[in-house]
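An overview of the molecular structure
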Amino acid sequence: GGNYGSSAFYRCQFLRNVKTVLASASVNGSFYNCLFYGTQSGTYSIYNTGKLVNCTFTGTTGMSDHNSNRRAINCLILQGFNTINGTYENCCFGYSGGKPDETRCDDRCRFADSPSAFPLLADYAPSRRSPCYNACTDYEAYVAEFPEAFRSEAALDVYGRPRIGAGETAFDIGCVERDPAI
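Conventions we followed
- Residues numbered from 1 in each chain as written.
- Predicted model: local features only at pLDDT ≥ 70, side-chain atom pairs only at ≥ 80, totals over all residues.
- Heavy atoms only, no water.
- Helix = DSSP H or I, 4+ residues; strand = E, 2+ residues; numbered from the N terminus.
- Buried < 20%, exposed > 50% of the residue type's maximum accessible area, 1.4 Å probe, protein only.
- Contact = heavy atoms within 4.5 Å.
- Areas by Shrake-Rupley, 256 points an atom, 1.4 Å probe, with all protein chains shown as cover.
- 1 Å grid on protein atoms, 1.4 Å probe; cavity = no way out; pocket = protein on both sides within 12 Å on 5 of 7 lines; lining within 4 Å.
- Points joined across faces, edges and corners; volume = space filled by probe spheres on them.
- Nonpolar A, V, L, I, M, F, W, Y, C, P; charged D, E, K, R; others polar.
- Core = buried A, V, L, I, M, F, W, Y, C linked by side-chain atoms within 4.5 Å.
- Pairing = 2+ DSSP bridges.
- Axes fitted to C-alpha atoms, helices over the stretch in contact; angles between N-to-C directions.

**Some thoughts on the overall build of the chain**
When helices and strands are tallied, the chain shows one helix and 18 strands. Considering the chain as a whole, with its 182 residues, one finds that 51% of them fall into the buried category. Long-range pairs, those at least 24 residues apart, make up 29% of the contacts in the chain between residues at least 6 apart in sequence. Element-wise, carbon and sulfur atoms account for 48% of the exposed surface of the chain, whose accessible area totals about 7,900 Å².

Next comes the structure, spelled out in structure tokens:
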């Protein structure tokens, strides 16, 4: 298990959490710049979430959401969604089956039948050839998604690296910002 409650998580990594029944990472709660890797549950790995902002899901199974008011913004979802409610804004979906109805997605969402359509580096940052690289251009709207007391967290990715470097105007979809020097 993980967390049960209406918590907010910032720059967290849920790695290989396993539970046989419900919610190996969290029940309820909102997630900001979080990585879900290998998180598995017999039923759901995360359940009934609030808001998902710039999160990455890979090697994860069983996200279910009965919260039709939940919003996912700038998320990279390569595996793991079973039932989909809520809305999706500027998200990348790279797997077959279980995708949200496209009417729940804005026109910036991207769909592919394989995670390879959204290549990642070893640290889960999008490669330069990924459509997730520098795909977010409204930084102020992104910052506004964070609770006011935690808006400073918006400036950092899951590893504490800056989201936007000097002279840049865009940042990456998902929880990891690609280092422009690489």
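Continuing now.
**Structural notes on the layout of surface pockets**
For the largest pocket, the calculated volume is near 150 Å³. Taken together, 13 residues make up the lining of the largest pocket; nearest its centre are Ile73, Asn74, Arg108, Asp138 and Ala141. The residue makeup of the lining of the largest pocket, split by class, is six nonpolar, three polar and four charged.

**Some words on the nonpolar core**
The nonpolar side chains of a soluble globular protein tend to be buried, and buried together. Leu76, Phe118, Tyr142, Phe146 and Ile173 are the most contacted members of the largest nonpolar core, which totals 18 residues. Among the nonpolar cores identified, the runner-up in size contains 17 residues, and Phe14, Phe36, Leu52 and Tyr88 belong to it.

**Regarding the sheet that holds strand 11 (residues 56-58)**
Pairing is parallel in the open sheet, where six strands are placed in the order 3-7-11-14-17-18. The sheet is open, and its two edges are formed by strand 3 (13-15) and strand 18 (110-112), each paired on a single side.

**A closer look at the sheet that holds strand 10 (residues 51-53)**
Read across the sheet, five strands follow the order 2-6-10-13-16 without closing on themselves; strand pairing throughout is parallel. Either end of the sheet is taken by a strand with one partner, and the two such strands are strand 2 (8-10) and strand 16 (87-89). The sheet shows a mean angle of 10° between the axes of neighbouring strands, taken without regard to direction. Pairing geometry for strand 6 (residues 30-32) and strand 10, over two bridges, is parallel. Paired with Phe31 across the bridge in strand 10 is Leu52.

**A closer look at unusual backbone geometry**
With a phi angle near 50°, Arg11 is a residue other than glycine that sits in the positive phi range. Here Arg11 shows up in the loop between strand 2 and strand 3. Judged by relative accessible area, Arg11 falls into the partly exposed class, the value being 29%. With a phi angle near 50°, Asn54 is a residue other than glycine that sits in the positive phi range. Note that Asn54 resides in the loop between strand 10 and strand 11.

In short, geometric facts, not functional conclusions.
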